[in-house]
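Residues per chain are reported as follows:
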Amino acid sequence: FTEHGPEAGAQLLQKHNLVELAIDYAIDHNNFNHAFELANHSAPHKLPDIHLKKALALEDDEQYKQAGEEFIRAGKPKEAIDMYLHQRDWESAMSIAENYDRDAIPEVLTSQARDLVDHKNDLHSAEELFLRARKPELAVQMYTQKKMINEAVRICKKHCPRLLSDVLDAYGSIQGSSQTMEDICEAARVYEETGNFSRAVDAYLQINEQLCSDESKLEKVWMQAVNTAQRHCH
């Protein structure tokens, strides 16, 4: 090959059906220039594979920008995005997603949001990213895990009402005996809004003399339970 040049060498290899073997050998020894020369002359279908192997080698060497470019040339934008996500380089990951793989945009947003929760406890910014990713359920989950039930209910009401009953169940288990009359009434109202009328009645009936000493308020709450039962769950 050295004596006659890569083109003559490629022709010889092609003649003996050894081009792909030679390319693989060059790749295994990180001789990517030689691999590209052989592929350009005799096996252009191998070019994406060479770019991919070069990208992986560059990633191992922590040359992430060059690796990202090679992933793109290999037709593997998802691999570039995953690399940048692992490095917490959200800007580069988003740039690749916006230009080459728009289906990956939600994953970039949610990965950044989770990082904000785990490393900065910046729940407000994380919420914005979850909503941009059209993943409100992840914002609900975040607030529920942080025992911020009012925030979880707020997201549910606006973006995913189907999750309200689950949030309220979690709310009940978190609060336990420390619930106030106002807490229980709010839970009952949300149950009614989501069509869980039997649960709403059960919630109203939790309110007793220990929670409220005002008989007129108690009567009002219990009448609400009666009215809800009469209308929806006789």
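Residues numbered from 1 in each chain as written. Predicted model: local features only at pLDDT ≥ 70, side-chain atom pairs only at ≥ 80, totals over all residues. Heavy atoms only, no water.

Trainee: Mind showing me how you'd approach the overall build of the protein here?
Mentor: A tally of helices and strands in the protein yields 15 helices and zero strands. Once the C-alpha set of the protein is aligned to its principal axes, its extents read approximately 105 × 35 × 25 Å. Relative to its 234 residues, the protein shows a buried fraction of 41%. Relative to all contacts within the protein whose residues are 6 or more apart in sequence, the contacts with residues 24 or more apart total 33%. Summed over all atoms, the accessible surface of the protein reaches about 14100 Å², with 46% contributed by carbon and sulfur. Put simply, the protein has 26 plus and 40 minus side-chain charges, and the middle of one group is 4 Å from the middle of the other. (Helix = DSSP H or I, 4+ residues; strand = E, 2+ residues; numbered from the N terminus. Buried < 20%, exposed > 50% of the residue type's maximum accessible area, 1.4 Å probe, protein only. Contact = heavy atoms within 4.5 Å. Areas by Shrake-Rupley, 256 points an atom, 1.4 Å probe, with all protein chains shown as cover. Lys, Arg positive; Asp, Glu negative; His and termini not counted. Charge placed at Lys NZ, Arg CZ, Asp CG, Glu CD.)

Trainee: I keep staring at the pattern of salt bridges and nothing clicks. Help me out?
Mentor: Pairs can form between side chains of opposite charge once their charged atoms are near each other. The full count for this structure, using the stated rule, is 14 salt bridges. Among the salt bridges present, the one from R189 reaches E186, with a minimum N-O distance of 3.3 Å. On the criterion of helical spacing, the pair formed by R189 and E186 is a turn pair, its members being three residues apart in helix α13 (residues 181-193). Among the residues examined, E186 registers a relative accessible area of 29% and is labelled partly exposed. Among the charged side chains, a salt-bridge network with shared partners connects D24, K46, D49 and K53. (Salt bridge = Lys/Arg side-chain N within 4 Å of Asp/Glu carboxyl O.)

Trainee: How should I be thinking about the environment of L168 in this particular structure?
Mentor: You can see L168 is positioned in helix α12 (residues 164-175). With relative accessibility at 6%, the residue L168 sits in the buried group. Sequence separation between L168 and F36 is 132 residues; the distance between their C-alpha atoms is 61 Å. Ignoring sequence-local partners within four residues, the contact set of L168 consists of V153, A187, V190 and Y191.

Trainee: Where do I start with the packing of helix α2 (residues 19-28) against helix α3 (residues 32-42) in this structure?
Mentor: Working note: a packed helix pair is described by the angle between its axes plus the distance between those axes. Two numbers describe how α2 lies on α3: the axes approach to 8 Å, and their chain directions differ by 160 degrees. Considered as vectors, α2 and α3 are oriented roughly antiparallel to each other. Relative to α3, α2 is oriented so that their crossing is left-handed. Along its contact with α2, which presents V19, A22, I23, A26 and I27, the element α3 presents F32, H34, A35, L38, A39 and S42. Tallied by class, residues from the contact of α2 with α3 come to nine nonpolar, two polar and no charged. (Axes fitted to C-alpha atoms, helices over the stretch in contact; angles between N-to-C directions. Parallel < 35°, antiparallel > 145°, perpendicular 65-115°, else oblique. Left-handed = near helix turned anticlockwise from the far one by under 90°. Nonpolar A, V, L, I, M, F, W, Y, C, P; charged D, E, K, R; others polar.)

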